[in-house]
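# Coordinate inspection notes
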Amino acid sequence: MWELRDITVQFGTTTAMHEVSLTISPNEILVILGPSGCGKSTLLRVLSGLQPPTAGEIWIEGSDATARPPHQRGIGVMFQDPTLFPHRSVGQNIAFGLRMAGVDASTQRRRVDELLELVDLHGFAERGVENLSGGEAQRVALARSLAPEPSLLLLDEPFAALDRTLRDRLVSDLPEVLDSAGTAAVHVTHDHDEAFAIADRVAVMSDGHLLRTAPPAELFADPRTETVARFLGHTNIVGDGRDRRVIRRDAATIDPAGDMEATVTASVFRGDHHDIAVVGALGELRFRLTESAAVGSVVRLRIDPTRVAPLSGD
Amino acid sequence: MGRNRSRLIAAAAVVPAVFLAVFFVYPVATVMWRGLGDGGLAPLRDLLDSGRTRDAIWFTLWQAVLSTLLTLAVALPGAAVVARSSARTQRVLRALVTIPFVMPTIVVAGAFTELFTRFGLDDGTIRLRHTVWAILIAHVFFNYAVVVRTVGSFWAGLDARMEDQARVLGAGRIRTFVEVTLPQLRPVISAAAAIVFLFSFTSFGVVLVLGGPRQATIETEIYRYAVVRTDFTSGAALAAIQLIAVLTLVAVATRLERSRPLTVSTSHRATVRRSPVGLAANGTLAATLLALPILVVVERSLTVGNAYGLDNYRALGTRLSMLPASATDAIQNSLVAAVSATLIAAVIGTIAALVVVHGRGALRHVFDLGLTLPLGTSAVTIGFGILIALDEPPLDLRSSWWIVPIVHSLVGIPFVVRTMVPVLRRIDPALHEAAAVLGASPRRVRREIDLPIASRGLLVGASFAFAVSIGEFGATAFIPRRADTLTAPQALFRLLSTPGELVRGQAMALAVVLMGIVALAVFAIESVRGTHEGSL
């Protein structure tokens, strides 16, 4: 169990993190979601010990670890680029942390093989790191982080530099790999789809503040504030003043008995659905429909009230 | 238009080609011929039989090795400080450490001579004067900048997250440096070490003044044979040995430089981490090493008897008996020669750089290689070559005033080429296209885009050429000293070798004037140069 208590980080006059409190349970994957510059990378640096906080405390397994140096925290880190050590082989890269911990050579070798198996790179131990593909390099980096059996793995947008297909695959593999390694993880990203795909809990960060922490489904269904709703990809925010609501894109169906009349302004065929934009009494809204609707036509829509959530002021 | 341009470039290539053929290739070839071909290998064999020569070769080698190791030991911590500073601090630090690098050798030699006198190290329990230690210290002083600049810039560009990664994986600070940082720095350290070794190997003025009569290197031996004993054959044979050794070194250094990996993206610079203790320790060391000799010279130049005054500076206008002209005249000669040499170097160097960048096939390769040679060839070999090759009509340069600027421009041209080539390469074709799309004619593009970029590069290269010319000592030492060819460094050398309090005071005043001129040139360079450009 890791605990951040009122962590503040200042660089000169700018505040990168503002009184952030957070707990991370064993085996949990916590995703920090936020735009770039919101302080999420600073949060990782604080957890790793590479960035001492200006104020606040870090507790690990019930003891104060605020001043503990990075190499004694039992963590692994993965960055956006693999940052593999260029002058070493794949195997030597993975064994680096074990060697630092003074693990004997035969155990190192066994563990390297195990990890290569885990990340699906069997037989790569002797290869140089220069000729790996982007995805392979990132998987080696993952194996290297997991080798010393860290209690917490920190992932700093590790898939952002990869192409879509590869990213989707690694994103879907990650929870299983982490689960079999028995490691908790804090994963930082600005991509809400990625966040939903792997998170046990999502924490939304903005401008150095932690806005809300909740399981993905709960968060999506009830974002509570407009800022959070927008980070999660919601675009249909209607109403004003105290009466503001968010309407999910999957909330509408075409129904002649529906109570919303709107004009279709755009329609894009997406294979298994249509993305349409309509303008009606509530302004411009975007929906995901199973049927098509001609641009310029007037349709009646029925809104599922369970897919509408009220918003409070920010 | 493309064909026209390449014809134009091929035609223009004639100018630098002829210049270098006459003033560099022919003299150096003459040295080789005199030393190795003319009288067979007999002079060489005689030379190598003498214990004195063998001692000189051996001494040249080991003092260069030791100078290199000492410089690395002192300068690597400095490089670390530069690497971890903010961009602006880096710029200031690099400008500061560059001053010693372009300081005239003879000024540095004079500064250390005075430093030893000032702190009683001339004689007694710790004697530095006329020892190898004096030479080593001066070499560290000179080459500190080479290491700090090349290694520091490269280091700053390393991905700091690589170190973060190692630390998280359980490596402490020292272990991280040894296991992760050092292996990445190794190629650039080797390249810097090769350059330092080359400079120490061909060091002349420092050895001549600080080593005294007993510490002889190949360079000072060539000078002794050629100038003191006028035994041109032995001098040439020794110069041939030197040339071969240097060419081998240059080949090795170039190779190391080629194998140097490209700088990694700088987008992931570490958030600046300052260790106050480390910074203070390094700062003190660097300040002591770099500033103390300079301060001592300034103080001594202002000392008249037991008081401070400007008498030494006033006395510069009076001719002393051992000089063919007054020190003021020598400074004037130096300035005129430096301006002329800079103009020659700028014109020849720019054409040569254009050939290297835009020329075709063989032409470009010949120029690329041919132009680094004067940089590697020791100044002594160049001066000696001109002395023995260009001594009869139609090219009897020895009696002409032009000999000084021409010799100096030979040393300056490589600096112009080396700064211009990357600048010209960087003139981005995309910029041309963008400008053309915006409606600019090719001529307009050249005026609006190319010229401003190129002129900045030229200014940097020319300032280097100027600073080098002002301080040039090795090649000029072979030029007959007359009232119109006496340069300030030559005058300073004579003053330093003359005993006496008054003369020493004047020598220091002259040294201060020279330092001031060079410092101005360095600041011109640094204010023009951007933050992330070439490292020399």
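Residues numbered from 1 in each chain as written. Chains lettered and ligands numbered in written order. Predicted model: local features only at pLDDT ≥ 70, side-chain atom pairs only at ≥ 80, totals over all residues.

With that out of the way, let us pick up the interface of chain B and chain A. In many analyses, interface size is given as the accessible surface area lost on bringing the parts together. Across the contact, 15 residues belong to chain B and 17 residues belong to chain A. Counting residues per element, the side of chain B that touches chain A draws most heavily on helix 8 (residues 160–168) of chain B, at six residues. Here the residues of the side of chain B that touches chain A are counted per class, giving six nonpolar, four polar and five charged. (Contact = placed C-beta atoms within 7 Å. Helix = DSSP H or I, 4+ residues; strand = E, 2+ residues; numbered from the N terminus. Nonpolar A, V, L, I, M, F, W, Y, C, P; charged D, E, K, R; others polar.)

Attention shifts here to helix 6 (residues 105–118) of chain B. All names here are of chain B. Spanning 14 residues, helix 6 covers 20 Å between terminal C-alpha atoms, matching the ideal 20 Å at 1.5 Å per step. Burial runs high along helix 6: 12 of the 14 residues are buried. Within helix 6, the full set of buried residues consists of T105, I106, V107, V108, A109, G110, A111, F112, T113, E114, L115 and F116. (Expected span 1.5 Å × (residues − 1). Buried ≥ 20, exposed ≤ 12 C-beta atoms within 10 Å, placed from the backbone.)

Turning to the sheet that holds strand 8 (residues 184–189) of chain A, a few remarks are in order. Residue and element names in this part refer to chain A. Strand order in the open sheet formed by six strands is 6-7-8-3-9-10, with mixed pairing between adjacent strands. Every other strand in the sheet has two partners, leaving strand 6 (75–78) and strand 10 (209–214) as the edge strands with one partner each. For this sheet, the mean inter-axis angle between neighbouring strands, taken without regard to orientation, is 15°. Direction of pairing for strand 3 (residues 29–33) relative to strand 8: parallel, over a ladder of five bridges. Its bridge partner lying in strand 8, L30 is registered against V186. (Pairing = 2+ DSSP bridges. Axes fitted to C-alpha atoms, helices over the stretch in contact; angles between N-to-C directions.)

We now examine the packing of helix 5 (residues 87–102) of chain B against helix 7 (residues 132–157) of chain B. All names here are of chain B. It is the contact of helix 5 with helix 7, at a shortest axis distance of 7 Å, that shows an interaxial angle of 155°. With respect to each other, helix 5 and helix 7 are oriented roughly antiparallel. Helix-helix and strand crossings are classified by hand; for helix 5 and helix 7 the assignment is left-handed. Of helix 7, the residues touching helix 5 (which contributes Q90, R94, V97, T98, P100 and F101) are F141, F142, Y144, A145, V146, V148, R149 and A156. (Parallel < 35°, antiparallel > 145°, perpendicular 65-115°, else oblique. Left-handed = near helix turned anticlockwise from the far one by under 90°.)

Moving on, we get to the pairing of strand 17 (residues 298–303) of chain A. Successive residues of a regular strand alternate their side chains across the two faces of the sheet. All names here are of chain A. Here strand 17 shows a buried face lined by V299, L301 and I303 and an unburied face lined by V298, R300 and R302. Summarising the sheet, strand 13 (residues 252–254) and strand 17 pair through three bridges and their orientation is antiparallel. Bridging from a neighbouring strand, I254 pairs with L301 of strand 17. Alignment of strand 14 (residues 260–269) against strand 17, held across four bridges, turns out to be antiparallel. Among the inter-strand pairings, M260 is bridged to a residue of strand 17, identified as L301.

Right, let's get into the pairing of strand 4 (residues 55–60) of chain A. Residues and elements named next belong to chain A. By the bridge criterion, five bridges tie strand 1 (residues 2–11) to strand 4 in an arrangement that is antiparallel. The partner of R5 across the bridge, within strand 4, is E57. Between strand 4 and strand 5 (residues 63–64), which follow one another and run antiparallel, lie two residues, and E61 among them has a positive phi close to 45°.

The end-to-end C-alpha distance of helix 4 (residues 51–83) of chain B, which contains 33 residues, comes to 46 Å, matching closely the 48 Å that a straight helix rising 1.5 Å per residue would cover. The sharpest bend along helix 4 of chain B measures roughly 35° and falls at A75 of chain B, with the proline P77 of chain B sitting one to four residues further on. (Bend = angle between axes of the 7 residues up to and from the residue.)

Assigned domains of chain A: these are domain 1 (2–221) and domain 2 (235–311). Its C-alpha centre places domain 1 of chain A at a distance of 38 Å from the equivalent point of domain 2 of chain A. (Domains from an automatic or database assignment.)

Turning our attention to the confidence of the model for chain B. Residues and elements named next belong to chain B. Averaged over all residues, the pLDDT of chain B equals 82, while 89% of them reach at least 70. Ignoring residues within four places in sequence, the model shows residues 260–274, a span with pLDDT below 50, making 21 contacts including any to other chains. With a pTM of 0.76, the predicted complex shows an ipTM of 0.72. (pLDDT = per-residue confidence, 0-100.)

Another point: the domain arrangement of chain B. Residue and element names in this part refer to chain B. Taken domain by domain, chain B holds domain 1 (1–27 + 311–529) and domain 2 (72–215 + 256–266 + 275–300). In this structure, domain 1 and domain 2 have C-alpha centres spaced 26 Å apart. On the side of domain 2, 23 residues touch domain 1, which itself brings 26 residues to the contact. Contributing elements (two or more residues each) for the side of domain 1 that touches domain 2: helix 18 (379–389), helix 21 (442–471), helix 22 (488–496) and helix 23 (501–528). Counting residues per element, the side of domain 1 that touches domain 2 draws most heavily on helix 23, at 12 residues.

Looking now at the nonpolar core. Of all hydrophobic cores here, the largest spans 254 residues; its most connected members are A138, L492, L510 and A511 of chain B. In this structure L510 of chain B touches L316, A327, A488, A491, L492 and L495 of chain B, once residues within four positions along its chain are discounted. (Core = buried A, V, L, I, M, F, W, Y, C linked by C-beta atoms within 7 Å.)

A separate point is unusual backbone geometry. All names here are of chain A. Positive phi, close to 40°, is recorded for T83, a residue that is not glycine. Structurally, T83 is set in the loop between strand 6 and helix 2 (90–100). Of note, D120 is a non-glycine position whose phi angle comes to about 70°, a positive value. When you line up the elements, D120 lands in the loop between helix 3 (105–118) and helix 4 (134–146).

All names here are of chain A. By secondary structure assignment, the location of G128 is in the loop between helix 3 and helix 4. Judged by local crowding, G128 falls into the partly exposed class, with 14 C-beta atoms found within 10 Å. Along the chain, G128 and R109 lie 19 residues apart, while their C-alpha atoms are 16 Å from each other.

Think of a sheet as strands paired side by side through backbone hydrogen bonds, with each pair either parallel or antiparallel. Residues and elements named next belong to chain A. Overall, antiparallel pairing links the five strands, which are arranged 13-17-14-15-16 in an open sheet. The sheet is open, and its two edges are formed by strand 13 and strand 16 (283–289), each paired on a single side. Shown here is a sheet whose adjacent strand axes are inclined to one another by a mean of 45°, direction ignored. Relative to strand 15 (residues 274–280), strand 14 runs antiparallel, the two sharing seven bridges. When the bridges of strand 15 are listed, V264 appears paired with V278.

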